[in-house]
Amino acid sequence: MNSHTPSINARKAELLRSFLNQVPGRITAILENWHQLVQSDWNDQLMASLLERIHTLSEAAGKFGVNEIRLNGDSLEAHLRENTHADRKPDHDTVVALDGLVHAFKDAAIQAY
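Residues numbered from 1 in each chain as written. Predicted model: local features only at pLDDT ≥ 70, side-chain atom pairs only at ≥ 80, totals over all residues. Heavy atoms only, no water.

Draft legend 1. Expanded view of unusual backbone geometry. Backbone geometry places Trp-42, a non-glycine residue, at a positive phi of 70 degrees. Relative to the helices and strands, Trp-42 resides in the loop between α1 (5-39) and α2 (44-63). Exposure remark for Trp-42: the relative accessible area of 1% places this residue in the buried category. (Helix = DSSP H or I, 4+ residues; strand = E, 2+ residues; numbered from the N terminus. Buried < 20%, exposed > 50% of the residue type's maximum accessible area, 1.4 Å probe, protein only.)

The following block contains the structure:
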């Protein structure tokens, strides 16, 4: 075994803890973007911001091996992209379904935390 392995493993664990400590704040920002989007007329700029936040968190989670966040984020991102119609808000039932996915993503992220 390499003598540097324990220090490398400790550094990886430290980076993972640092990432996980950021998760609640990132989720709060995602929820704020989501609520702004729902309360608007489905603004493209708000949607782009929301998708970027979800993608960034999901991608980072994948790099750290936190697959609960990555998989839920990828699914949420795909469903949201299906509803990125130029300034046209989806029907009520679709918004309710998307809201459920947003909150499932939040729950998965918080559980990983």
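Draft legend 2. Summary view of the nonpolar core. Counting residues in hydrophobic clusters, the biggest one holds 25 residues, and the most contacted among them are Trp-34 and Leu-80. Within the residue set of this core, elements represented by two or more residues are α1, α2, α3 (67-81) and α4 (92-112). Every residue in contact with Leu-80, bar those within four places of it in the chain, is listed here: Trp-34, Met-47, Leu-50, Leu-51, Ile-54 and Leu-98. (Core = buried A, V, L, I, M, F, W, Y, C linked by side-chain atoms within 4.5 Å. Contact = heavy atoms within 4.5 Å.)

Draft legend 3. Up close: the environment of Glu-32. By secondary structure assignment, the location of Glu-32 is in helix α1. For Glu-32 and Tyr-113, which are 81 residues apart along the polypeptide, the C-alpha to C-alpha distance reads 19 Å.

Draft legend 4. Focus on the side chain of Asn-83. Within the secondary structure, Asn-83 sits in the loop between α3 and α4. A polar atom in the side chain of Asn-83 sits 3.0 Å from the backbone oxygen of His-79. (Polar contact = N/O pair within 3.5 Å; in protein donor to acceptor, adjacent residues only side chain to side chain.)

Draft legend 5. Representation of the packing of α1 against α4 within the structure. Taken N-terminus to C-terminus, the directions of α1 and α4 make an angle of 170 degrees; their axes are 9 Å apart at the nearest point. Compared by their axis directions, α1 and α4 come out roughly antiparallel. Judged by residue contacts, Leu-20, Val-23, Pro-24, Ile-27, Ile-30, Leu-31, Trp-34 and Val-38 of α1 engage Val-95, Leu-98, Asp-99, Val-102, His-103, Phe-105, Lys-106, Ala-109, Ile-110 and Ala-112 from α4. In terms of residue class, the contact of α1 with α4 is made up of 15 nonpolar, 1 polar and 2 charged. (Axes fitted to C-alpha atoms, helices over the stretch in contact; angles between N-to-C directions. Parallel < 35°, antiparallel > 145°, perpendicular 65-115°, else oblique. Nonpolar A, V, L, I, M, F, W, Y, C, P; charged D, E, K, R; others polar.)

Draft legend 6. Structural view of the packing of aromatic side chains. Using the criterion set out here, one finds 2 aromatic pairs in the structure. Measuring from centroid to centroid gives 4.9 Å for Phe-19 and Phe-64, while their planes differ by 15 degrees, and the two rings are stacked. Of this pair, Phe-19 sits in helix α1 while Phe-64 sits in the loop between α2 and α3; the two residues are 45 residues apart in sequence, bridging distant segments of the chain. Taking relative accessible area as the criterion, Phe-64 reaches 34% and is therefore assigned partly exposed. (Phe/Tyr/Trp six-rings, centres within 6.5 Å; stacked < 30°, edge-to-face > 60°.)

Draft legend 7. The pattern of salt bridges, seen in detail. Counting across every chain of the model gives 4 salt bridges. Here Arg-70 makes a salt bridge to Asp-74, at a shortest N to O gap of 3.4 Å. A residue pair is termed a helical-turn pair when its members lie 3 or 4 positions apart in one helix, as Arg-70 and Asp-74 do in helix α3 at 4 residues. By relative accessible area, Asp-74 is classed as partly exposed at 35%. Asp-107 serves as the salt-bridge partner of Lys-106, at 3.5 Å between the closest nitrogen and oxygen. By relative accessible area, which is 40% here, Asp-107 ends up partly exposed. (Salt bridge = Lys/Arg side-chain N within 4 Å of Asp/Glu carboxyl O.)

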